[in-house]
Amino acid sequence: MNRLQGKISCIQQSGAILLVDINVDEHVFSAMLIESATRQEWLMEGNTVELVFKETEVALAKNLSGLISMRNRMKCTVRHIERGELLSKVSLQFLKYVITSAITTRSVDSLELKIFDEVEALVKANEVSLMKKQ
Amino acid sequence: MENGLIFIDIEKQMLTANGPMKLVVQTTIQLGELVAVFGESGVGKTTLLRILAGLSAPDKGMVSFGNTVWFDSEKQINIAPQQRNISFMFQDFAIFPNMTVEQNIQFAQPEKNHSFVAELLEVFGLTEFRKYRPNGLSGGQKQRVALARALARKPKLLLLDEPLSALDSEMRNALQNEIAKANQRLGLTTIIVSHDLNEVFRLASVVICIENGLVTRSGKPEDVFSDNSISGKVQITGQIARIQKQDTVYVVTVISGNNQIIKVIAFENDLENLGVGDRVMVFSKAFNPILSRLR
């Protein structure tokens, strides 16, 4: 699991669907959630929460230009690559955090990823969960 | 006015396989509920049941059923089991081999009540077997006889200590339904000790979780076992059956409460404090699962 800590800056709601903006060191992330029967007391503007997303939900891009629908974009430096036969794990530094992306080894090759490369890690808003700060 | 609660506030020093442990329980149970006492073995579940039955006395505290005090260490009250109007059934129950099914059930009645015996035979699907002796019955049927017998004296409180753990899952499901039916139909309060999550979810309206002699959580099973501290809407509880490293990731096999096999991809940091046998919550966002009609 990748975890980042941030402060909820805005909650937009339509019916049971919530779009929550979270400020992580001045970078705004978005999480799309379905509301529970009762709103959890920690899910409020101004509260510090943990953003959680799975390694397999992190896409990587190099020299990305043009428009893209993915809301969560992190400029990262590649720190480590563990190559598997089909699936590789790429460790990335984003600000003070280390996040991991699990992508196909084919993609590692087609992006010609190597250590110290500058890449963008991308996560769709509906793949981000929020957790009460531990 | 009759108060509709079982009130429990007790302490008892126990000697377990892992050394001495203190059982401390403070809780109330609404009369008419079907309550599960959930936890690992050796945490004090059976001791709590024995205290309620009057088979074991707490070191101190109080137990009352409605307005009747069953135990009070200060006032030195300890009502005998036979005066508590309870029935209990343990895992290693015994039924009389020389009596028929019907006679086994009748035997438990202080005053004969044939119509009630007939009702019990019907609730437990034993009517056509009423003249059989136990050695002509299957394991599940014997269990039904034991349950019917436990109810024959019309107890106010039924205490069940893992009564179904020796049965296969199909038989267990059938008997769980019958226990729920009996609880409702006879207006009982039932307390069942279980370490089977599936059983807790199927049967109990309230669950009391005991760990190391202490009540850690209690409430509706869906509230107690769902994790409110995470936004994921798909939450399945289960037990880790296997962890296999495959390629650069781990494939974790989890057996869910209703015996579904779930496979989850995990990474080292997910597994730091987890191992085979641990109970886990598998959660996913409401956005990911796909529905498909069952054929």
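The rules behind the values
Residues numbered from 1 in each chain as written. Chains lettered and ligands numbered in written order. Predicted model: local features only at pLDDT ≥ 70, side-chain atom pairs only at ≥ 80, totals over all residues. Heavy atoms only, no water. Helix = DSSP H or I, 4+ residues; strand = E, 2+ residues; numbered from the N terminus. Buried < 20%, exposed > 50% of the residue type's maximum accessible area, 1.4 Å probe, protein only. Contact = heavy atoms within 4.5 Å. Areas by Shrake-Rupley, 256 points an atom, 1.4 Å probe, with all protein chains shown as cover. Pairing = 2+ DSSP bridges. Axes fitted to C-alpha atoms, helices over the stretch in contact; angles between N-to-C directions. Salt bridge = Lys/Arg side-chain N within 4 Å of Asp/Glu carboxyl O. Phe/Tyr/Trp six-rings, centres within 6.5 Å; stacked < 30°, edge-to-face > 60°. Lys NZ or Arg CZ within 6 Å of the ring centre and 35° of its normal. 1 Å grid on protein atoms, 1.4 Å probe; cavity = no way out; pocket = protein on both sides within 12 Å on 5 of 7 lines; lining within 4 Å. Points joined across faces, edges and corners; volume = space filled by probe spheres on them. Domains from an automatic or database assignment. Expected span 1.5 Å × (residues − 1). Buried area = accessible area lost by both parts, 1.4 Å probe. Polar contact = N/O pair within 3.5 Å; in protein donor to acceptor, adjacent residues only side chain to side chain.

Just to check I follow, could you spell out the overall build of chain A for this structure?
Helices and strands together make up the secondary structure of chain A, namely one helix and ten strands. Looking at chain A as a whole, 46% of its 134 residues are labelled buried. Considering only contacts within chain A whose residues lie at least 6 apart along the sequence, 64% involve residues at least 24 apart. For chain A, the exposed surface amounts to about 7100 Å²; the carbon and sulfur share of it is 50%.

What is the right way to look at the sheet that holds strand β13 (residues 249-256) of chain B in this model?
Residue and element names in this part refer to chain B. Pairing is antiparallel across the open sheet formed by four strands, whose spatial order is β14-β13-β12-β15. Both outer strands of the open sheet, β14 (261-266) and β15 (279-284), are each paired with one neighbouring strand and no more. With strand direction ignored, the average angle separating the axes of adjacent strands in the sheet is 50°.

Is there a simple way to explain the pattern of salt bridges in this structure?
Enumeration over the complete set of coordinates arrives at 18 salt bridges over all chains. A:Lys62 is paired through a salt bridge with A:Asp117; the nearest N and O atoms lie 2.9 Å apart. With A:Lys62 in the loop between β5 (59-61) and β6 (72-82) and A:Asp117 in the loop between α1 (105-110) and β9 (118-123), this pair connects stretches of sequence that are 55 residues apart. Residue B:Glu268 is joined to A:Lys89 by a salt bridge in which the shortest nitrogen-to-oxygen separation is 2.7 Å.

Quick question: what am I supposed to make of the packing of aromatic side chains here?
Any pair of aromatic rings gets described here by the distance separating the centres and the angle formed by the planes. On inspection of all chains with the given rule, the structure shows five aromatic pairs over all chains. Centroid distance A:Phe29 to A:Phe94: 5.9 Å. Interplanar angle 75°. Geometry classified as edge-to-face. Here A:Phe94 lies in strand β7 (residues 87-94) and A:Phe29 lies in strand β3 (residues 27-34), a separation of 65 residues in the sequence. Each of the two residues, A:Phe29 as well as A:Phe94, counts as buried. A cation over a ring is seen here: B:Arg149 above B:Phe96, with NZ or CZ 5.4 Å from the ring centre. In this arrangement the basic side chain of B:Lys154 is found over the ring face of B:Phe116, its NZ or CZ atom lying 4.7 Å from the centre.

How should I be thinking about the sheet that holds strand β1 (residues 2-14) of chain A in this particular structure?
In any sheet, the strands associate via hydrogen bonds between backbone groups, in a parallel or an antiparallel arrangement. Residue and element names in this part refer to chain A. Strand order in this open sheet of five strands is β3-β2-β1-β4-β10, and the pairing throughout is antiparallel. Edge positions in the open sheet fall to β3 and β10 (129-132), since each of these has one partner strand only. Strand-to-strand twist of the sheet, defined as the mean angle between neighbouring strand axes without regard to direction, takes the value 45°. In the sheet, strand β4 (residues 48-53) pairs with β10 via four bridges, with the strands oriented antiparallel. Its bridge partner lying in β10, Glu50 is registered against Met131.

Please clarify how the layout of surface pockets should be interpreted in this entry.
Here the largest pocket defines a volume of roughly 1600 Å³. Around the largest pocket, the lining is made up of 46 residues, and of these A:Met1, B:Val280, B:Met281, B:Val282 and B:Phe283 lie nearest the centre. Mapped onto the lining of the largest pocket, the elements with two or more residues apiece are β4 and β10 of chain A together with α7 (221-225), β12 (234-246), β13, β14 and β15 of chain B. Here the lining of the largest pocket takes six residues from β15(B), the largest share from any one element. Here the lining of the largest pocket spans two domains, since at least three of its residues come from each of domain 1 (5-224) and domain 2 (228-293) of chain B. Lining the second largest pocket are 25 residues, with B:His195, B:Asp196, B:Leu197, B:Asn198 and B:Gln239 sitting closest to its centre. Secondary structure elements with two or more residues in the lining of the second largest pocket: α5 (169-185), β9 (189-194), α6 (197-203), β12 and β13 of chain B.

When you look at α5(B) in this model, what are you seeing that I'm missing?
Owing to its 3.6 residues per turn, the α-helix brings residues three or four apart onto one side. Residue and element names in this part refer to chain B. With 17 residues, α5 should reach 24 Å at 1.5 Å per residue; the first-to-last C-alpha distance of 24 Å fits that figure. Arg172, Leu175, Gln176, Glu178, Ile179, Ala182 and Asn183 are the residues of α5 that are buried. Looking at the packing, one finds that the buried side of α5 touches β3 (34-38), α3 (114-123), α4 (139-151), β8 (157-161), β9 and α6. Among the residues trailing α5, Gly187 stands out with phi positive, at a value near 60°.

What is the right way to look at the interface of chain A and chain B in this model?
The extent of an interface is frequently quoted as the accessible surface area lost upon association of the parts. Opposite the 29 residues of chain A that make contact, chain B presents 21 residues. Both sides of the chain A and chain B interface together cover about 2000 Å² of buried area, and 52% of this is carbon and sulfur. Interface area lost by chain A to chain B is led by A:Met1, A:Ile34 and A:Lys89, which between them contribute 25%. Our count for the contact surface shared by chain A and chain B stands at two salt bridges. Between the two partners, chain A and chain B, sit 13 residue pairs in polar contact (both at pLDDT 80 or more). Residue assignment for the side of chain A that touches chain B shows that the elements contributing at least two residues are β3, β7 and β10 of chain A. With four residues, β10(A) is the single largest residue contributor to the side of chain A that touches chain B.

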